[in-house]
Amino acid sequence: PAPVAAPESQKQVGFPSGVSQPVVLTHKGRADQSMGYLAWPTTDFYADPQGARDAAVMGEVLGLRLIDDLRESQGATYSPQVSYNHSFVWPSWGYVSANVEIAPEKLPIFFNDVRKIAADLRDKPPTPDELERAKKPRLDQIEKARATNGYWLGELSGAQADPRRLDVIRAIIPGTERVTAQDVQHAAQRILKDDRMWMLEVRPEAK
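Keep in mind the model is a prediction, meaning the values are calculated, not measured. (Residues numbered from 1 in each chain as written. Predicted model: local features only at pLDDT ≥ 70, side-chain atom pairs only at ≥ 80, totals over all residues. Heavy atoms only, no water.)

Visitor: Would you take a moment to explain the confidence of the model for the protein for this structure?
Guide: Do not read the predicted coordinates in detail wherever pLDDT is low. Per-chain confidence: the protein averages 90 in pLDDT, with 92% of residues scoring 70 or above. Mean pLDDT values over the elements of the protein span from 88, in helix α4 (residues 149-156), up to 98, in helix α6 (residues 181-191). (pLDDT = per-residue confidence, 0-100. Helix = DSSP H or I, 4+ residues; strand = E, 2+ residues; numbered from the N terminus.)

See the structure below:
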């Protein structure tokens, strides 16, 4: 049978409004463990395919800088992670996010570092070395994944119903290769806005 399209009302998903201070949740675990998380909204993939590829490379640069900053100031035990997603299903849905597990008293350092890095990326493009360090592992990862059946099963899923999926597959490597330092800066200016940043911290429950 032909696939049944989801009602348009079910495709509407919203991103929380930006906050000036993190939303706080608590846990009942160890007193020395906490998590910081923040995210900015982007859009769905098809709204701007090359913009999504630019944002992916920008996310890699953000991750490299965050790792360098946190490890330099706090030691190698902290491993922040940056993620990015541009939906193929939900209109206008996408995000770039960063998170870290860190001691509660060091949460402000994480949020301050991310703000500082975001502002710097808005103000000037990454260096040629940073751009290479951001693009090469991503391209290598894509090439490696394309040698597996799982990659093709996932990427070709839905291609009969939406042939644009085939264009996505064809363009992912050349589209990533063509991202310039200026493209990364423009993506940062478009996405990494302080007033759109949503923040969360999970702290140990006070006893």
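Read on for the rest.
Visitor: Please clarify how the nonpolar core should be interpreted in this entry.
Guide: Note that soluble globular proteins tend to have their nonpolar side chains buried in a common cluster. Counting residues in each nonpolar core, the largest one holds 31 residues, and the members touching the most others are L38, W40, M58, F110 and L192. Taken together, the elements giving at least two residues each to this core come down to β2 (34-41), α1 (49-74), β4 (94-102), α2 (107-123), α3 (128-145) and α6. Apart from residues lying up to four places away in sequence, W40 is in contact with F15, L62, G94, Y95, V96, V114, A118, I191, L192, K193, R196 and M197. Grouped together as the second largest cluster of nonpolar side chains are six residues, I142, Y151, I172 and I173 included. (Core = buried A, V, L, I, M, F, W, Y, C linked by side-chain atoms within 4.5 Å. Buried < 20%, exposed > 50% of the residue type's maximum accessible area, 1.4 Å probe, protein only. Contact = heavy atoms within 4.5 Å.)

Visitor: Is there a simple way to explain unusual backbone geometry in this structure?
Guide: Working note: non-glycine residues mostly have negative phi, and peptide bonds are mostly trans. A positive phi angle, close to 65 degrees, is found at S92, a residue other than glycine. Secondary-structure assignment places S92 in the loop between β3 (81-86) and β4.

Visitor: Would you mind going over the sheet that holds β2 with me for this structure?
Guide: Picture the strands of a sheet paired through backbone hydrogen bonds; they go either parallel or antiparallel. Read from one edge of the open sheet, five strands run β1-β5-β2-β4-β3, paired in mixed fashion. Of all strands in the sheet, those with a lone pairing partner are β1 (23-27) and β3, marking the two edges. Taken pair by pair, the neighbouring strands of this sheet meet at an average axis angle of 15 degrees, ignoring direction. Across six bridges, β3 lies against β4 in antiparallel orientation. When the bridges of β4 are listed, S83 appears paired with S97. Here α2 sits on the sheet and contacts β2, β4 and β5 (198-204); the angle it forms with β2, its principal contact strand, is near 25 degrees. (Pairing = 2+ DSSP bridges. Axes fitted to C-alpha atoms, helices over the stretch in contact; angles between N-to-C directions.)

Visitor: Would you explain the pattern of salt bridges in this entry?
Guide: If the charged atoms of two oppositely charged side chains come close together, the side chains can form a pair. Counted by the stated rule, this structure contains 13 salt bridges. A salt bridge links K136 to D140; its shortest N-O distance comes to 2.8 Å. Of the two residues, K136 and D140 are both situated in helix α3; the distance of four residues between them amounts to about one turn of the helix. When its relative accessible area of 43% is taken as the criterion, K136 is described as partly exposed. (Salt bridge = Lys/Arg side-chain N within 4 Å of Asp/Glu carboxyl O.)

Visitor: What exactly am I supposed to notice about the packing of α2 against α6 here?
Guide: Packed helices, taken two at a time, are described by the angle between their axes plus the distance between the axes. Taken N-terminus to C-terminus, the directions of α2 and α6 make an angle of 125 degrees; their axes are 7 Å apart at the nearest point. Relative to α6, the element α2 lies oblique. Like other packed secondary-structure pairs, α2 and α6 cross with a definite hand, here left-handed. Every residue of α6 that contacts α2 at L121, R122 and D123 is listed here: Q185, A188 and Q189. Across the contact of α2 with α6, the residue classes break down as two nonpolar, two polar and two charged. (Parallel < 35°, antiparallel > 145°, perpendicular 65-115°, else oblique. Left-handed = near helix turned anticlockwise from the far one by under 90°. Nonpolar A, V, L, I, M, F, W, Y, C, P; charged D, E, K, R; others polar.)

Visitor: Would you mind going over the packing of aromatic side chains with me for this structure?
Guide: Two descriptors summarise a pair of aromatic rings, namely the distance from one centre to the other and the angle between the planes of the rings. The final tally for this structure, using the stated rule, is eight aromatic pairs. Measuring from ring centre to ring centre gives 5.1 Å for Y151 and W152, while their planes differ by 90 degrees; the resulting arrangement is edge-to-face. Overall, the relative accessible area of 12% leaves Y151 in the buried class. The exposure class assigned to W152 is partly exposed, which follows from its relative accessible area of 29%. In this structure, R164 packs its charged tip against the face of Y46, placed 3.7 Å from the ring centre. (Phe/Tyr/Trp six-rings, centres within 6.5 Å; stacked < 30°, edge-to-face > 60°. Lys NZ or Arg CZ within 6 Å of the ring centre and 35° of its normal.)

Visitor: Explanation requested: the environment of R65 in the structure shown.
Guide: Here R65 is to be found in helix α1. For R65, a relative accessible area of 12% translates into the label buried. Expressed as a C-alpha distance, the spacing of R65 and E130, which sit 65 residues apart in the sequence, is 8.8 Å. Once residues lying within four places of it in the same chain are set aside, the contact partners of R65 are I117, D120, L121, P126 and E130. Of the polar contacts made by the side chain of R65, one reaches the side chain of E130; its length is 2.7 Å. (Polar contact = N/O pair within 3.5 Å; in protein donor to acceptor, adjacent residues only side chain to side chain.)

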